[in-house]
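Okay, here's what each chain looks like letter by letter:
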Amino acid sequence: MTIKQVMVIGAGQMGAGIAQVCAQSGYNVFLHDANEQALHNGMEGIKKRLAKAVDKSRITESEKQEAIDRLTPATEMEDVSKCDMAIEAIVENADVKKNVFRELDAHAPSHAILATNTSSVSITEIAAATNRPEQVIGMHFMNPVPVMKLVEIIRGLQTSDDTYTKIADMASALSKTSVEVDDAPGFAANRILMPMINEAIFAVHEGVASVEDVDTVMKLGMNHPMGPLTLADFIGLDTCLYIMEVLHDGYKDSKYRPCPLLRKYVNAGWLGKKSGRGFYQYES
């Protein structure tokens, strides 16, 4: 089976980015979102990014148009029946994801691979919600997808070698570098990243340094391109909290305890850039 047609579920920042790189790499893509406004916004965002890439001479006008022509907005999940694989990129919630995978499993062709962009939810658990667990796999892209080169490929307990090989080949076709990761809480990227962000929040919570100074320490002292608190705002503080809870629950180790200040900000609705306020304030 050759992957030619792909459905991406979720037209938010991650889903639209995944759809864009797939279309630019020659795949025919259905971009699905149950929310029509979100779907419209996702498609418009892709077009704007491609136009900017033309302006910066990264792609040609014809390459831009070819990518757009390969994209089809889809409000119905049933369109996955035309696809060789699906990539889910929705809210980071295990129950919601499992419901989506049950629906994909019901409509997708028997040969289709079902992938999830989850950054922390167990692939084994998601796979068990389907009747094709050997064809379920994690494909964790980094944000922003068109720019970042890494993809974590996570095998569930049931994932077949054939499924892994096809997805590793696809990552290469997308001009991404893939790493194979075991299905453990937080995988590799977030098991390393999120405790660092959480510790940066503890430093502010305990009065060690201000938000700005913590970020400056990591940018100038450790040569990070972005401070951890700016990055947390960019990721979404609710997502950061969820992943820390996954780590804490999965490993039962106090070093993964979410900082109370992180939980307080999420309870206040201060979720970062997407809500207009997190550790920094943003214009709407």
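Rules behind the numbers
Residues numbered from 1 in each chain as written. Predicted model: local features only at pLDDT ≥ 70, side-chain atom pairs only at ≥ 80, totals over all residues. Heavy atoms only, no water. Helix = DSSP H or I, 4+ residues; strand = E, 2+ residues; numbered from the N terminus. Buried < 20%, exposed > 50% of the residue type's maximum accessible area, 1.4 Å probe, protein only. Pairing = 2+ DSSP bridges. Expected span 1.5 Å × (residues − 1). UniProt positions renumbered as here; feature names shortened; annotations may be inferred. Domains from an automatic or database assignment. Buried area = accessible area lost by both parts, 1.4 Å probe. Salt bridge = Lys/Arg side-chain N within 4 Å of Asp/Glu carboxyl O. Polar contact = N/O pair within 3.5 Å; in protein donor to acceptor, adjacent residues only side chain to side chain. Nonpolar A, V, L, I, M, F, W, Y, C, P; charged D, E, K, R; others polar.

Turning our eyes to something else, we now look at unusual backbone geometry. Going from Asn143 to Pro144, the amide bond is cis rather than trans, its omega being 0°. With respect to the secondary-structure elements, Pro144 resides in the loop between β6 (136-141) and β7 (150-155). Even without being glycine, Ser57 reaches a positive phi, approximately 60°. Looking at the element boundaries, Ser57 is found in the loop between α2 (36-55) and α3 (61-69). Positive phi is not limited to glycine here, since Phe187 has a value of about 55°. Position of Phe187 among the secondary structure elements: in the loop between β8 (177-182) and α7 (189-205).

Within β6, 6 of the 6 residues are buried, leaving the element largely enclosed by the surrounding structure. By the alternation rule, side chains of β6 split into Val136, Gly138 and His140 and Ile137, Met139 and Phe141, which are all buried. Bridge analysis of strand β5 (residues 113-116) against β6 gives 3 bridges, and the strand direction is parallel. Residue pairing in the sheet places Thr116 in a bridge with Gly138 of β6. With 5 bridges connecting them, β6 and β7 associate as antiparallel partners. When the sheet's bridge partners are listed, Gly138 is paired in β7 with Ile154.

Taking 1.5 Å per residue, 12 residues should reach 16 Å; helix α1 (residues 13-24) reaches 17 Å between its end C-alpha atoms and fits that length. With respect to burial, α1 is a largely interior element, 10 of its 12 residues being buried. Among all positions of α1, only Met14, Gly15, Ala16, Gly17, Ile18, Ala19, Gln20, Val21, Cys22 and Ala23 are buried. Within two residues after α1, Gly26 carries a phi angle of roughly 100°, on the positive side.

What follows covers the UniProt feature "domain: 3-hydroxyacyl-CoA dehydrogenase NAD binding" (unreviewed entry) in the chain. Under the UniProt annotation, the feature "domain: 3-hydroxyacyl-CoA dehydrogenase NAD binding" (unreviewed entry) is placed at residues 5-183. Measuring from the first to the last C-alpha atom of residues 5-183 gives 27 Å, for a span that is 41% helix and 22% strand.

Domain boundaries in the chain define domain 1 (5-182) and domain 2 (191-274). Here domain 1 and domain 2 have C-alpha centroids that lie 27 Å from each other. Summing both sides of the interface, domain 1 and domain 2 together bury roughly 490 Å²; the carbon and sulfur share of this comes to 61%. Summed over the shared surface of domain 1 and domain 2, the number is 0 salt bridges. Connecting domain 1 to domain 2 are 0 residue pairs in polar contact (both at pLDDT 80 or more). Per-class residue counts for the side of domain 1 that touches domain 2 are 2 nonpolar, 5 polar and 1 charged.

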